[in-house]
Amino acid sequence: MSIINSIRSQLVPINREGFRFIGYFALGSLIAFYLWSPLGWIGTALTIWCVLFFRDPQRVTPVRDGIVVSPADGKVSRVINAVPPPELNLGDRPMARVSIFMSVFDCHVNRSPVTGRIEKIIYKAGAFISADLDKASEHNERNSFVISTATARIGVVQIAGLVARRIKCFVREGATIGAGERIGMIRFGSRLDVYLPDGVRPQVAEGQTAIAGETVIADLRAGVKELTFRVDKSPRQNS
């Protein structure tokens, strides 16, 4: 392998949605350097952050019938039963909901949690309160999907946050999608909710770190029991 190819293999791809913003940040940094050098270095740091924000790394998705993978990178902020948004038409009974909060430092490319067909996509305008608050599911701007599998219907909701001002959708209604394939992204800091069918137990816990397209958050197969978790509170060992 050549040195150039070796370097390329270590670089994380950038989603094309970010090219314009990276250009804005880079141009602003050049202008800032012209005005005052320390301000230019601040702009450079922000440009690097912008590059990292729009990173779009490849993911290795487990392939098996019934697996539900995380649609987002971030921290599992809520694992509760909640009534899904009415626009999903999933009924008015509480369903198991897994919420994943994406900070401004997480990758914001969202992926399909299951293999199936995009049955419905519904955009709803709203507020921009902090996405880690539970009421954001009801009041914030959101883009919702219903994905039909061979045995179930899954609700996925992109929720804009306090800083986020744009939800981008990459798919269309009627499209067939594979688990782990890209469905959209949110700029800048937000949340994803996944509504699971009746009887399906989440396989993640609050506080757990999830990786989009890789972390298994549920299993649609009948009879799969809910996992129990423990938090490692042992002191770190000094090397």
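Above this text sits the structure in question.
Just so it is clear, the model here is predicted, and its values are computed rather than measured.

This part is about a nonpolar patch on the surface. Taken together, the side chains of Leu 27, Leu 30, Ile 31, Tyr 34, Leu 35, Trp 36, Leu 39, Ile 42 and Leu 46 make up a nonpolar region of the molecular surface, amounting to roughly 1000 Å² of accessible area. At the level of secondary structure, the elements contributing two or more residues to the nonpolar patch comprise helix 2 (19–35) and helix 3 (37–53). Take the nonpolar patch: its biggest share by element is five residues, from helix 2. By the element assignment, Ile 42 lies in helix 3.

Residue placement: Asn 143 occurs in strand 6 (residues 142–148). Sequence-distant contacts of Asn 143, that is, excluding residues within four places in its chain, are made with Ile 121, Ile 122, Tyr 123, Val 156, Val 157, Gln 158, Ile 167 and Cys 169.

Our focus in this paragraph is the environment of His 108. Structurally, His 108 can be placed in the loop between strand 3 (95–102) and strand 4 (109–111). Separated by 104 residues in sequence, His 108 and Ala 212 have C-alpha atoms that sit 9.2 Å apart. Of the polar contacts made by the side chain of His 108, one reaches the backbone oxygen of Asp 106; its length is 2.8 Å.

For the rest of this paragraph, the subject is the layout of surface pockets. Estimated volume of the largest pocket: approximately 300 Å³. Lining the largest pocket we find 15 residues, and of these Arg 64, Asp 65, Gly 66, Ile 67 and Thr 115 sit closest to its centre. Of the residues assigned to the lining of the largest pocket, the class counts are seven nonpolar, five polar and three charged. By volume, the second largest pocket amounts to about 180 Å³.

Our focus in this paragraph is the packing of aromatic side chains. Each pair of aromatic rings is reported with the distance of its centres and the angle of its planes. In this structure the tally under the stated criterion is six aromatic pairs. Relative to Phe 54, the ring of Phe 53 lies with its centre 5.0 Å away and its plane at 75 degrees, an arrangement referred to as edge-to-face. Taking the relative accessible area as the measure of exposure, Phe 54 reaches 0% and is therefore buried.

If you trace the eight strands from one edge of the open sheet to the other, you get 9-5-6-7-11-3-2-12, paired in antiparallel fashion. Two strands lie at the open edges of the sheet, namely strand 9 (176–177) and strand 12 (209–210), each paired on one side alone. Pairing between strand 5 (residues 116–124) and strand 6: seven bridges, direction antiparallel. The residue of strand 6 that forms the bridge with Arg 117 is Ser 148.

With that out of the way, let us pick up the environment of Leu 30. Looking at the element boundaries, Leu 30 is found in helix 2. Along the chain, Leu 30 and Thr 44 lie 14 residues apart, while their C-alpha atoms are 8.5 Å from each other.

Reading across the sheet, the three strands line up as 4-10-8 and stay open at both edges, with antiparallel pairing between neighbours. The open sheet is flanked by strand 4 and strand 8 (166–169), the only strands paired with a single partner. Averaged over all neighbouring strand pairs, the angle between strand axes comes to 25 degrees, with direction disregarded.

Turning to the nonpolar core, a few remarks are in order. One finds Val 68, Ile 118, Phe 145, Ile 147, Val 156, Val 171 and Leu 196 to be the most contacted residues of the largest nonpolar core, which totals 30 residues. Mapped by element, the contributors of at least two residues to this core are strand 3, strand 5, strand 6, strand 7 (153–160), strand 10 (182–187), strand 11 (190–196) and strand 13 (216–219). No other element matches strand 3, which puts four residues into this core. Sequence-distant contacts of Val 171, that is, excluding residues within four places in its chain, are made with Ile 118, Ile 121, Phe 145, Ile 177, Arg 182 and Ile 183. If you look at the next biggest cluster of nonpolar residues, it comprises eight residues, including Ile 122, Val 146, Ile 159 and Tyr 195.

What follows concerns the pattern of salt bridges. Summed over the entire model, instances satisfying the criterion amount to nine salt bridges. A salt bridge links Asp 56 to Arg 182, with the nearest nitrogen and oxygen atoms 2.9 Å apart. Within this pair, whereas Asp 56 is found in the loop between helix 3 and strand 1 (67–69), its partner Arg 182 is found in strand 10, the two being separated by 126 residues in sequence. Relative accessible area serves as the criterion here: at 8%, Asp 56 is assigned to the buried category. Residue Arg 191 is joined to Asp 193 by a salt bridge in which the shortest nitrogen-to-oxygen separation is 2.9 Å. Note on accessibility: Arg 191 and Asp 193 belong to one class, buried. Each of the salt bridges in this network shares a partner with another, and the network as a whole consists of Asp 56, Arg 111 and Arg 182.

About the cut-offs
Residues numbered from 1 in each chain as written. Predicted model: local features only at pLDDT ≥ 70, side-chain atom pairs only at ≥ 80, totals over all residues. Heavy atoms only, no water. Patch = residues over 30% accessible without salt bridge, like charges linked within 9 Å, V, L, I, M, F, W, Y side chains within 5 Å. Areas by Shrake-Rupley, 256 points an atom, 1.4 Å probe, with all protein chains shown as cover. Salt bridge = Lys/Arg side-chain N within 4 Å of Asp/Glu carboxyl O. Helix = DSSP H or I, 4+ residues; strand = E, 2+ residues; numbered from the N terminus. Contact = heavy atoms within 4.5 Å. Polar contact = N/O pair within 3.5 Å; in protein donor to acceptor, adjacent residues only side chain to side chain. 1 Å grid on protein atoms, 1.4 Å probe; cavity = no way out; pocket = protein on both sides within 12 Å on 5 of 7 lines; lining within 4 Å. Points joined across faces, edges and corners; volume = space filled by probe spheres on them. Nonpolar A, V, L, I, M, F, W, Y, C, P; charged D, E, K, R; others polar. Phe/Tyr/Trp six-rings, centres within 6.5 Å; stacked < 30°, edge-to-face > 60°. Buried < 20%, exposed > 50% of the residue type's maximum accessible area, 1.4 Å probe, protein only. Pairing = 2+ DSSP bridges. Axes fitted to C-alpha atoms, helices over the stretch in contact; angles between N-to-C directions. Core = buried A, V, L, I, M, F, W, Y, C linked by side-chain atoms within 4.5 Å.

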